[in-house]
Amino acid sequence: MRKNQAGMIKISPHTGPALANATLQANLKNTVGKVLHVHQLAVSEVANWQELRCHAEQVKAHTLARLHFYLQELEKQIKGQGGKVVWADNAQDALDFVVELAHQREIRRLVKSKSMLSEEIGLNEALERERIETVETDLGEFIVQLAGEPPFHITAPALHKSRREIAQLFSQKLGMEPSEDVQQITATARTLLREHFLAARLGITGANFAVAETGTIVVVENEGNARLCLSVPETHVVLVGIEKVIPRMADLAVFLKLLTRSATGQRITSYVNLINAGRREREADGPHEFYVVLVDNGRSRLLVDPVMRQTLHCIRCGACLNVCPVYQKIGGHAYQSAYPGPIGAILTPQLTSIESAPEHPFASSLCGACAEVCPVRIPIPHILLRLRAQAQRAKNGKAARVPAEKWAFQLWAWSMSSPTRYSRMEALLRFLQKLFGRDQGLRLPFPPFSQWLRRRELPALAPQSFRQIYRNRKVML
Amino acid sequence: MKVSLFVTCLVDQFFPSVGTSAIRVLEKFGVHVDFDPRQTCCGQPASNSGYSDEARQVGAHYLEVFQDSEYVVVPSGSCCTMVRRYLPELFTEESPEARKARELAARTFELSEFLISVLKVSDTGARFPEIVTYHDSCHLLRELGIYEPPRRLIRSVRDIDFREMANSTRCCGFGGTFSVKFEDVSVALAEDKVRAIQDCGARFVVATDVSCLMHLDGLMRRNHIPVKTIHLAELLAKF
Ligand code: SF4
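Calculation notes
Residues numbered from 1 in each chain as written. Chains lettered and ligands numbered in written order. Predicted model: local features only at pLDDT ≥ 70, side-chain atom pairs only at ≥ 80, totals over all residues. Heavy atoms only, no water. Helix = DSSP H or I, 4+ residues; strand = E, 2+ residues; numbered from the N terminus. Buried < 20%, exposed > 50% of the residue type's maximum accessible area, 1.4 Å probe, protein only. Contact = heavy atoms within 4.5 Å. Areas by Shrake-Rupley, 256 points an atom, 1.4 Å probe, with all protein chains shown as cover. Lys, Arg positive; Asp, Glu negative; His and termini not counted. Charge placed at Lys NZ, Arg CZ, Asp CG, Glu CD. Polar contact = N/O pair within 3.5 Å; in protein donor to acceptor, adjacent residues only side chain to side chain. Pairing = 2+ DSSP bridges. Axes fitted to C-alpha atoms, helices over the stretch in contact; angles between N-to-C directions. Salt bridge = Lys/Arg side-chain N within 4 Å of Asp/Glu carboxyl O. Nonpolar A, V, L, I, M, F, W, Y, C, P; charged D, E, K, R; others polar. Near = heavy atom within 4 Å. 1 Å grid on protein atoms, 1.4 Å probe; cavity = no way out; pocket = protein on both sides within 12 Å on 5 of 7 lines; lining within 4 Å. Sits in = over half its atoms within 2 Å of the grid points. Patch = residues over 30% accessible without salt bridge, like charges linked within 9 Å, V, L, I, M, F, W, Y side chains within 5 Å. Points joined across faces, edges and corners; volume = space filled by probe spheres on them.

Chemist: So what's going on with the overall build of chain B? Which residues, and what values?
Modeler: Along chain B, the regular secondary structure elements total 13 helices and 8 strands. With respect to the principal axes defined by its C-alpha atoms, chain B has extents near 50 × 45 × 30 Å. The burial tally for chain B puts 66% of its 239 residues in the buried class. Considering only contacts in chain B between residues 6 or more positions apart, those separated by 24 or more positions represent 77%. Roughly 8300 Å² of accessible area belongs to chain B as shown, and the carbon and sulfur atoms make up 48% of that amount. Averaging the positions of the 28 positive and the 32 negative side-chain charges in chain B gives two centres separated by 5 Å.

If you want it as structure tokens, here you go:
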């Protein structure tokens, strides 16, 4: 979460620059368009897609209602197989554990595969402060790390970068021969990463799912980098959000189908890693030590309310980002959080507080495209509305005087809840229009009118309202 | 058949011809249309902005006005969504208001939906010799699931040249207070929409919601783009 000096996570300062950035706009249009296309094809292949979504939703609802039970089950299974389980209440607990482990093992450099949770808790920064170098091994993450930027998208961290920009970055930072050849770009990254993999003694991965029944950690990927992170180093740490647990192996089939098709439009990803603890006797590879860090970091607070709880259904497929008209325009960085787009708009204020991310629930036109596409049927617009109400209560409860907007809505509600007052308002508005707009609409010199009028015309109030016309029906029909 | 028309506050104050057109169309098919002048607004602006107390106050008034209606017809997908999906939620679940709101929700229809599903009318006898495209308003499409009814009605208009624009289902960027809170994003989305409208060669864009139309019209007028907006009710009343 990227807070400003006032400790707030703000979107509005970042929309203008994003909209004005022509390269960004072109890249967004280009890549998102392609992703949407393959997604649609992949989904249309599955005849019972809607049934699968409902099934997944039910499994998630069931699990979250008994989260405590399933987490304990998961812990028991992992421990029984020789793995270790660490409970982290908050980001600091998780960071402390990783930092200490690295110090104990005298590790100065580690390899890591993609994990949104690690972004959420600020792992790389924490390790950097301790002079421990993190090598991001997912190509997209590798690129944004090289550029010194946060990820732009949940599943495609470097979605905003064109091939040309990546080539330039590689030749600047890695001394690659200038070339826009994809083969050469990937080969450069591969050669470099291979050395890191072979030398690394600690590997960190995230997890897409954690199966309670069997204690299995599931990591879905396309590049084989996660597989190397979790098999080559002698120690493997998995960072898992507590909401990632699913009850049975049988459920995984449904979730995998939903996840890969929603995320990248693939029937299945190139690699699906199912890991049970570390290396066992007579096994030739795998880590000697295996740690699963179960991170809460605000999640259990969401369990209280059954509507808000659905936020935790999320399987981080990123589909809601791709279909979101707002994300398509402002991109991922504007959200100033590990989680951009619609899911970020509901998750960020809930994981932090509504006071620190008060704009997030409002950065949406409530078009509902996210809820329509979400593979686990999270009613995002509905949750946005709840958060908007929370945001207003938080803001207006604290203010010494009634803020202008609240006052305006109170006045509005007062006039709208009585026909007499409504009629008076109707007359007053027409008077104001004459005064300020000469019948060109309500050209009032303050918000919201002034904001609307910056680049749009306002409609004029009709000379006679519908109700006035209706009163003289004979004339009308 | 008796129908109460809820014209919506925007239509009442800014676009009264949408209301008169809706009456013309409904009456043509033998419906007795009633307009209760006590009606004001459904409460959506407050509900969407997080002012639930204010929304409840207005919602309660709405309920009082319409509670005895046999059918309520609304020429707006968005206000219809408010009444059907969100009005009941403004009140505590077991309260009499919530029960009344749920019952009222079941009797509330958007205009095109009412024509097609209840009246079984897909041709109003209108004639409009123009190139026309249709913009899906988000709430009608995704909250109420209505895609085909407005299209069927438009296609049956005589002499019309109906063309689908690219991404007709993508949001126009209005979004209530979003249109001023994130004015830059809102306008950027409208620009995309207007481009799609122009690209398909349409001279008129039809929608079921005056809110989307006033947003698009506002941008097109400012930029002197010669495309006009027309509400579905107005189009269907051209007989
Ligand atoms: S909210 Fe739904 S669509 Fe968005 S990332 Fe999560 S699972 Fe995917």
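Chemist: Describe the side chain of Thr40 of chain B, and please don't skip the residues or the numbers.
Modeler: Relative to the elements of secondary structure, Thr40 of chain B occurs in the loop between β2 (32-34) and α3 (44-49). The class of Thr40 of chain B is buried, set by a relative accessible area of 3%. At 2.6 Å, the side chain of Thr40 of chain B and the backbone oxygen of Met416 of chain A are in polar contact. Look past the residues within four positions of Thr40 of chain B in its chain and what remains in contact with it is Met416, Tyr422 and Arg467 of chain A together with Phe6, Thr8, Cys9, Val58 and His61 of chain B.

Chemist: Give me the lowdown on the sheet that holds strand β1 (residues 84-88) of chain A, citing residues and values where you can.
Modeler: The strands making up a sheet associate through hydrogen bonds between their backbones, and the pairing can be parallel or antiparallel. Residues and elements named next belong to chain A. Strand order in the open sheet formed by 6 strands is β1-β10-β7-β4-β2-β3, with parallel pairing between adjacent strands. The sheet is open, and its two edges are formed by β1 and β3 (133-136), each paired on a single side. Strand-to-strand, the axes of this sheet are offset by a mean angle of 25 degrees, without reference to chain direction. Relative to strand β10 (residues 289-295), strand β7 (residues 235-241) is paired through 7 bridges, and the arrangement is parallel. When the sheet's bridge partners are listed, Val237 is paired in β10 with Tyr291. In the packing of helix α4 (residues 67-80) onto the sheet, the strands contacted are β1 and β10, and the crossing angle to β1 comes to about 145 degrees.

Chemist: Any details on the interface of chain A and chain B? Residues and values, ideally.
Modeler: A common way to express how large an interface is: the accessible area buried when the components associate. Taken together, the 63 residues of chain A in the interface contact 64 residues of chain B. Counting across the interface, chain A meets chain B through 7 salt bridges. Linking chain A with chain B are 37 residue pairs in polar contact (both at pLDDT 80 or more). It is helix α19 (residues 404-416) of chain A that provides the largest number of residues to the side of chain A that touches chain B, a total of 8 residues. Its residues assigned to classes, the side of chain A that touches chain B shows 32 nonpolar, 15 polar and 16 charged.

Chemist: Explain the site of the ligand residue by residue, including any values.
Modeler: All names here are of chain A. Every residue close to the ligand is listed here: Cys314, Ile315, Arg316, Cys317, Gly318, Cys320, Ile343, Cys374, Pro375, Val376, Ile378 and Ile380. Comparing atom positions with the cavity grids shows the ligand to sit within the second largest cavity. Looking at the shell around the ligand, its residues break down into 10 nonpolar, 1 polar and 1 charged.

Chemist: Can you lay out a nonpolar patch on the surface for me, pointing to particular residues and giving the numbers?
Modeler: A surface patch of nonpolar side chains, about 430 Å² in accessible area, is lined by Val402, Trp407, Leu411 and Trp414 of chain A. Judged by relative accessible area, which is 45%, Trp414 of chain A ranks as partly exposed.

Chemist: Go over the sheet that holds strand β7 (residues 204-207) of chain B, please, and point to the residues and values.
Modeler: Residues and elements named next belong to chain B. Taken in spatial order, the 4 strands line up as β6-β5-β7-β8 in an open sheet, and their pairing is parallel. Single-partner strands in this sheet number two, and they are β6 (161-162) and β8 (228-231). Of the strand pairs in this sheet, strand β5 (residues 131-134) and β6 are connected by 2 bridges, and their pairing is parallel. Residue pairing in the sheet places Val132 in a bridge with Phe162 of β6. Contacting β7 and β8, helix α12 (residues 210-222) runs over the sheet at an angle of about 170 degrees to β8.

Chemist: Describe in detail empty space enclosed by the protein, supporting the description with residues and values.
Modeler: Residues and elements named next belong to chain A. Scanning all chains against the criterion turns up 4 cavities of 30 Å³ or more. Volume-wise, the largest cavity comes out at about 130 Å³. In this structure, the largest cavity is lined by 17 residues; those nearest its centre are Cys324, Pro342, Ser364, Cys370 and Leu384. Contributions of two or more residues to the lining of the largest cavity are made by α15 (325-330), α16 (341-351), α17 (369-373) and α18 (380-398). Top contributing element to the lining of the largest cavity by residue count: α16, with 3 residues. Broken down by class, the residue content of the lining of the largest cavity amounts to 13 nonpolar, 4 polar and no charged. Taken as a whole, the second largest cavity holds about 90 Å³ of empty space. As for the second largest cavity, its lining consists of 14 residues, and the residues nearest its centre are Cys314, Cys317, Cys320, Cys374 and Pro375. The residue inventory of the lining of the second largest cavity, partitioned by class, reads 12 nonpolar, 1 polar and 1 charged.

Chemist: Tell me about the pattern of salt bridges, and name the residues and values.
Modeler: Scanning the model with the defined rule gives 43 salt bridges over all chains in all. Of the charged contacts, one joins Arg299 of chain A and Glu120 of chain A as a salt bridge, the two residues approaching to 2.7 Å between their closest N and O atoms. You can see Arg299 of chain A sitting in the loop between β10 and α13 (306-309) and its partner Glu120 of chain A sitting in helix α6 (residues 116-121), a full 179 residues away along the chain. The burial state of Arg299 of chain A is the same as that of Glu120 of chain A; both residues are buried. The residue Arg38 of chain B makes a salt bridge to Asp36 of chain B at a minimum N-O spacing of 2.8 Å. On the accessibility criterion, Arg38 of chain B (35% relative accessible area) is partly exposed. On the basis of relative accessible area, Asp36 of chain B is assigned to the buried category, the value being 17%. Through salt bridges with shared partners, a single ionic network connects Glu120, Glu243, Arg299 and Arg316 of chain A.

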